[in-house]
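Chain and residue survey
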Amino acid sequence: MTEPVEASASAGEVYLSRGEAARRLGVPPRTIQQWARDGKIPCIRTFGGHRRFAAHDLDAAADLAKKRRPRRRPAAPTVPS
């Protein structure tokens, strides 16, 4: 497992929380956390240890969200009539 890519905060940049990033990309917050941990999305850390994601980095990561396959639920068993 790789360490998260730490970006430096620049003035005027828009940073989003994990939940905001997840909503923007249409994926669960846990996926955003995993991508950050795997180094797929750069992030910065707040003094409290929370991850923040630059809006322009999320726009670049939109391809990851498109390639992500949704989970499939097993088909419900059919009852013979």
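Our subject is the structure listed above.
Reading the values: rules and limits
- Residues numbered from 1 in each chain as written.
- Predicted model: local features only at pLDDT ≥ 70, side-chain atom pairs only at ≥ 80, totals over all residues.
- Heavy atoms only, no water.
- Core = buried A, V, L, I, M, F, W, Y, C linked by side-chain atoms within 4.5 Å.
- Buried < 20%, exposed > 50% of the residue type's maximum accessible area, 1.4 Å probe, protein only.
- Helix = DSSP H or I, 4+ residues; strand = E, 2+ residues; numbered from the N terminus.
- Arc of directions from axis to C-beta.
- Contact = heavy atoms within 4.5 Å.
- Axes fitted to C-alpha atoms, helices over the stretch in contact; angles between N-to-C directions.
- Parallel < 35°, antiparallel > 145°, perpendicular 65-115°, else oblique.
- Pairing = 2+ DSSP bridges.

**Topic: the nonpolar core**
L25, V27, I32, W35, I41, F53 and L58 are the most contacted members of the largest nonpolar core, which totals 14 residues. For this core, the secondary structure elements donating two or more residues are α1 (18–25) and α2 (29–37).

**So, α1**
In an α-helix, one turn spans 3.6 residues, which is why side chains three or four residues apart end up on the same side. Restricting attention to buried positions, one finds in α1 the residues A21, A22 and L25. Taken down its axis, α1 places every buried residue within 100° of arc, on the same side. Packing partners of the buried residues in α1 comprise β1 (15–16), α2, β3 (51–54), α3 (55–60) and α4 (62–67).

**Quick notes on the packing of α1 against α2**
Relative to each other, α1 and α2 sit at 105°, their axes nearing to 8 Å. As judged from the angle between their axes, α1 and α2 are roughly perpendicular. Residues R18, A21, A22 and L25 of α1 touch α2, and the partners they reach there are P29, I32, Q33 and W35.

**A short note on the sheet that holds strand β2 (residues 44–45)**
Strand order across the open sheet formed by three strands is β1-β3-β2, with antiparallel pairing between neighbours. Each edge of the open sheet carries a strand with a single partner, namely β1 and β2. Strand direction decides the pairing type here: β1 and β3, joined by two bridges, are antiparallel. Pairing of Y15 across the sheet is with A54, part of β3.

Don't take any of this as a statement about function, it's just geometry.
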